[in-house]
Amino acid sequence: DAGVIQSPRHEVTEMGQEVTLRCKPISGHNSLFWYRQTMMRGLELLIYFNNNVPIDDSGMPEDRFSAKMPNASFSTLKIQPSEPRDSAVYFCASSLWGGSSYEQYFGPGTRLTVT
Amino acid sequence: RKEVEQDPGPFNVPEGATVAFNCTYSNSASQSFFWYRQDCRKEPKLLMSVYSSGNEDGRFTAQLNRASQYISLLIRDSKLSDSATYLCVVNAGRGSTLGRLYFGRGTQLTVWP
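Everything numeric here is computed off the predicted structure, so don't read it as measured data. (Residues numbered from 1 in each chain as written. Chains lettered and ligands numbered in written order. Predicted model: local features only at pLDDT ≥ 70, side-chain atom pairs only at ≥ 80, totals over all residues. Heavy atoms only, no water.)

A. Spatial organisation of the pattern of salt bridges. Residues and elements named next belong to chain A. Going through the model one piece at a time under the given rule, you end up with 13 salt bridges over all chains. In this structure, Arg-36 engages Glu-44 in a salt bridge whose closest nitrogen and oxygen atoms are separated by 3.3 Å. With a relative accessible area of 10%, Arg-36 lands in the buried category. In the salt-bridge network here, residues are joined through shared partners; they are Glu-62, Arg-64, Glu-83, Arg-85 and Asp-86. (Salt bridge = Lys/Arg side-chain N within 4 Å of Asp/Glu carboxyl O. Buried < 20%, exposed > 50% of the residue type's maximum accessible area, 1.4 Å probe, protein only.)

B. The layout of surface pockets, seen in detail. The volume enclosed by the largest pocket comes to roughly 1300 Å³. If you trace the largest pocket, you find 45 residues lining it, with Gln37(A), Thr38(A), Gly42(A), Leu43(A) and Arg105(B) closest to the centre. Every element with two or more residues in the lining of the largest pocket is listed here: strand E4 (31–38), strand E5 (42–50) and strand E9 (88–95) of chain A together with strand E1 (4–6), strand E9 (84–91), strand E10 (101–103) and strand E11 (107–112) of chain B. Examining the composition of the lining of the largest pocket, we find that 6 residues originate from one element, E5(A), more than from any other. When its residues are assigned to classes, the lining of the largest pocket shows 18 nonpolar, 14 polar and 13 charged. Roughly 160 Å³ of volume is contained in the second largest pocket. Looking at the second largest pocket, the residues that line it are Arg9(A), His10(A), Val89(A), Phe91(A), Pro108(A), Gly109(A), Arg111(A), Arg41(B), Lys42(B) and Glu43(B). (1 Å grid on protein atoms, 1.4 Å probe; cavity = no way out; pocket = protein on both sides within 12 Å on 5 of 7 lines; lining within 4 Å. Points joined across faces, edges and corners; volume = space filled by probe spheres on them. Helix = DSSP H or I, 4+ residues; strand = E, 2+ residues; numbered from the N terminus. Nonpolar A, V, L, I, M, F, W, Y, C, P; charged D, E, K, R; others polar.)

C. Fine view of the sheet that holds strand E1 (residues 5–7) of chain A. Residues and elements named next belong to chain A. One open sheet accounts for 4 strands, arranged E1-E3-E8-E7; its pairing is antiparallel. Each of the sheet's edge strands pairs with one partner strand only, and the pair in question is E1 and strand E7 (65–71). Strand-to-strand twist of the sheet, defined as the mean angle between neighbouring strand axes without regard to direction, takes the value 15°. For E1 and strand E3 (residues 19–24), the ladder comprises 3 bridges, and the chain directions are antiparallel. Within E3, the residue paired with Ile-5 across the bridge is Lys-24. (Pairing = 2+ DSSP bridges. Axes fitted to C-alpha atoms, helices over the stretch in contact; angles between N-to-C directions.)

D. Spatial organisation of unusual backbone geometry. Cis rather than trans, the peptide bond between Ser7(A) and Pro8(A) has omega equal to -10°. For Pro8(A), the position within the fold is in the loop between E1 and strand E2 (10–13). Backbone torsion omega between Gln80(A) and Pro81(A) reads -5°, so that peptide bond is classified as cis. As for its position among the elements, Pro81(A) is in the loop between strand E8 (74–79) and E9. A positive phi angle is found at Asp77(B), which is not glycine, with a value near 50°.

Geometric values such as these leave the question of function open.
Written out as C-alpha cells, the structure is:
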C-alpha cells in the first residue's frame, strides 16, 4: 500500500515567493496533520484536519500560512509570501481517528529553503 | 511545562550494549503512547506502541508507568543500524483532540562498532 505522499520533496525559492506544499494521505485515513521540523524547535504541529475539517490551527505561525483539505485524499499548505525563517522540513502525516490507537504515519517531507 | 520531556542525549554506546531511554508526560488523560524512530534527514517512523502491561518486540522493550507518567524504551544487543533519534510520543487524551499527538524532542543514539 502507498504511504503518505508529499510533493515536492525539495523546494528552493526566493523570499517573497509563494510556496505550495502538497500531501496525499493514506487511503482510508480520516485525519491529516501538517508539521514543521527545525533543529532549533524540533517537530511542531501546524494544523490538523479531521474528516477534511480543520480542528486546530493554533500552530500556524502567522497569516502567511494557510492550509486546505478540499477532499479526503488531498491537502495543501501554502506560504505567501515566504521568508527565510520558513526554511524547514515540512511533514504531512495521517491517521485513522476513532480506531483503537492513534498512531500517525508520516510522509517523506518537503525540505524548503527560502533564500 | 512541555507535554513530553526527554533526555536529548546523545547516547554513544558500543555494539552489543543495552541502552535505556526515558520520558515523562504531563497529561494524565493521555491514552496512547508510542516510540517513534527518526533517521537523519528522514521522516519519523513508528517503532512501537506502548501498553500498560509493557510490551516487547524483539530487542526492544517498552514500559509505561501511568502513576508516575513515565515511559521507557530498552534496546538490548544494540546494532549499528539502531543509530537514530528516538521520539517519545503521547496523545492528547481529550475529546476532539484525542487524535493529536505530542512529540518529545527526541533522544539521539549512536552505536559504534
